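Analysis of the macromolecular model
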Amino acid sequence: MIISMCTRCVPLPFLSVLLLIFHFRNGSSFLHPSSYKSRGITTQLKYFQQRDVYAMEAWAIENGYQKVEGVDLYSEGDDDWSMMTNTDIPAGTTIMFIPSNLVLSSDAVVKEYGSNFDLELTENALKQMERDLAKRLPLFRLLVKILAEYEKGENSFYAPWINSLPTQYYNGVSMTDACFACLPPYAALLSMNERNAYSRFLNAVRKGFLSLNPDVINDDTVMKFAYNVALTRFHEVFEPARQKLIAPMADMINHSAEPNAEISFDAENNCYVTAIADIYAGSPLSVLLGDPTDPTPIFAKYGFLPTGCNTIFCKAIHLEPQINELGYEFNQLLFQTDTGEVYPAVWDIFLLKILQDYDADLASQFTMACQNNDEATKETFHSNYFAYTLEALREHVYSILNDVDQMTMMATTYDLETHPRVPVIVAHNNLVRDTFSMTASLLDSMG
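Described in the following lines is the structure provided in the data block. Since the model is a prediction, treat every value here as computed from it, not as a measurement. (Residues numbered from 1 in each chain as written. Predicted model: local features only at pLDDT ≥ 70, side-chain atom pairs only at ≥ 80, totals over all residues. Heavy atoms only, no water.)

Here's the deal with the nonpolar core
Among the nonpolar cores identified, the biggest contains 79 residues, and Met83, Ile95, Met96, Ile98 and Trp161 are the most heavily contacted of them. Take this core: its biggest share by element is ten residues, from helix H5 (residues 137-152). Ranked by size, the runner-up nonpolar core spans 39 residues in total, among them Ile312, Ile349, Ile400 and Ala440. (Core = buried A, V, L, I, M, F, W, Y, C linked by side-chain atoms within 4.5 Å. Buried < 20%, exposed > 50% of the residue type's maximum accessible area, 1.4 Å probe, protein only. Helix = DSSP H or I, 4+ residues; strand = E, 2+ residues; numbered from the N terminus.)

Things to note about the pairing of strand E9 (residues 243-246)
Within a regular strand, the side chains alternate between the two sheet faces. Taking every second residue as pointing to the same face, both faces of E9 are buried, with Gln243 and Leu245 on one and Lys244 and Ile246 on the other. Across two bridges, strand E7 (residues 104-105) lies against E9 in antiparallel orientation. Across the sheet, Leu104 pairs through a bridge with Ile246, a residue of E9. As judged from the three bridges shared by strand E8 (residues 235-237) and E9, these two strands associate in the antiparallel manner. Bridge pairing in E9 links Glu236 to Lys244. Between E8 and E9, which follow one another and run antiparallel, lie five residues. (Pairing = 2+ DSSP bridges.)

Re helix H8 (residues 185-205)
For H8, spanning 21 residues, the distance from its first C-alpha to its last is 30 Å, which sits close to the expected 30 Å at 1.5 Å a residue. Turning to H8, its buried residues are Tyr186, Ala187, Ala188, Leu190, Ser191, Glu194, Ala197, Tyr198, Phe201, Leu202, Ala204 and Val205. (Expected span 1.5 Å × (residues − 1).)

What about the sheet that holds strand E4 (residues 71-74)?
The strand order across the open sheet formed by three strands is E4-E5-E13, and the pairing between neighbours is antiparallel. Strands at the two margins of the open sheet, each flanked by one partner only, are E4 and strand E13 (283-284). Two strands pair when backbone bridges link them, and strand E5 (residues 82-85) and E13 are joined in this way by two bridges, in the antiparallel orientation. From the neighbouring strand, Thr85 faces E13, where its bridge partner is Ser283.

Structural notes on the side chain of Arg421
Mapping Arg421 onto the fold places it in the loop between helix H16 (386-411) and helix H17 (422-444). Here Arg421 sits buried without a salt bridge, and the closest side chain of opposite charge, Glu417, lies 11 Å off (N-O distance). Within the structure, Arg421 has its side chain in polar contact with the backbone oxygen of Ser174 (distance 3.2 Å). Those residues within four positions of Arg421 in sequence are excluded, and the remaining contacts are Gln168, Tyr169, Tyr170, Ser174, Met175 and Cys179. (Lys, Arg positive; Asp, Glu negative; His and termini not counted. Salt bridge = Lys/Arg side-chain N within 4 Å of Asp/Glu carboxyl O. Polar contact = N/O pair within 3.5 Å; in protein donor to acceptor, adjacent residues only side chain to side chain. Contact = heavy atoms within 4.5 Å.)

Honestly, it's all geometry; don't read function into it.
What follows is the structure, given as structure tokens:
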């Protein structure tokens with residue numbers, strides 16, 4: 001197949017780190033897998049080594065990877081890597097092709113390791129820990145694959161790819177209890193969920209059913225590295241069946257709220273990166289890694305704060321029963337980051353809580369109006385109880401502001417050597433503080 005083109009943590013001083021825009025999942029300041037022993041086991045991970053991305057690219061090309069001329073790996077010199085185009089690329093162009101022999105597939109793991117590794121026993125142990133973990137089995141299979149390849153060391157077909165990867169992360173999996181204490185409730189909840197899922201995976205692997213070397217699976221650093229690689233670099237497909245896949249080289253493309261490319265796979269697991277907009281010379285390739293209306297899930301999963309976020313979640317985790325009762329999603333419960341404007345659904349959940357505390361019949365009527373999109377009835381309720389809703393929402397906003405200020409002050413007392421995730425936590429909290437400050441001013445002006 002020939003692709004043609006029709007016409008892309010080393011600790012830093014604290015203040016300097018705060019100025020960084022955490023928009024790369026392929027970033028600098030990472031641990032790096034070091035050398036492999038002759039028996040194929042990596043027993044030590046070294047800090048401050050550069051990622052060997054060019055050897056990985058050469059390996060990919062040797063094994064069938066193709067790209068449009070002018071698309072190259074790019075770094076500004078700080079070991080942050082992305083993909084950049086040096087020539088214009090029209091929308092609809094196939095920019096990159098990664099053949100299936102390079103792609104890691106969760107389905108292929110079952111075929112490759114199912115019998116030899118007693119994968120089914122391990123997955124059953126995982127499902128017994130928590131029912132919802134059954135949904136994460138494709139991710140678990142990728143973890144097993146990465147651990148198995150890591151154990152092979154230089155003998156692994158994927159050794160060049162493994163040597164190109166970041167191995168220090170700033171996401172929820174890598175956070176400590178001290179980190180969680182510095183986050184607002186919603187961010188802390190999502191981040192803790194990621195770490196808890198990792199803990200379940202860790203326990204399942206260490207049950208001993210898998211034929212993996214104990215030196216590997218008992219090494220916390222290696223386990224967390226492998227899990228984070230699987231978590232932050234997969235793409236999910238649902239046809240012909242649901243599975244998770246990792247395509248080396250395509251996984252070097254970073255996130256944007258306004259992506260110019262998308263990643264897709266065919267039925268044979270060949271990977272295609274396609275331009276979904278005209279991409280001009282000098283532009284990075286970008287894909288969408290999460291909901292652009294809510295940066296917090298991206299922060300918890302990937303460990304960076306997306307740029308260009310126009311909205312954030314209102315942080316009303318305490319009203320989750322009301323959110324569920326009205327059938328709302330978190331991406332409807334937003335504050336505008338540039339104005340502080342409150343989305344209508346936020347007013348709805350606060351009013352529902354007030355009505356439930358005051359009169360169950362009125363609460364039922366309001367719930368029905370919301371569920372039936374009866375805007376006239378909703379407006380009547382909001383008009384009648386506006387003063388109460390305004391006060392409840394204002395109390396929530398000022399409470400979050402007070403908490404965020406205290407959390408940020410606490411975070412700045414931490415030593416960056418032992419808490420390297422402080423800068424991205426502070427950046428997240430500053431976004432919340434700035435947005436909620438505008439919202440507070442807006443609410444104050446209403447009465």
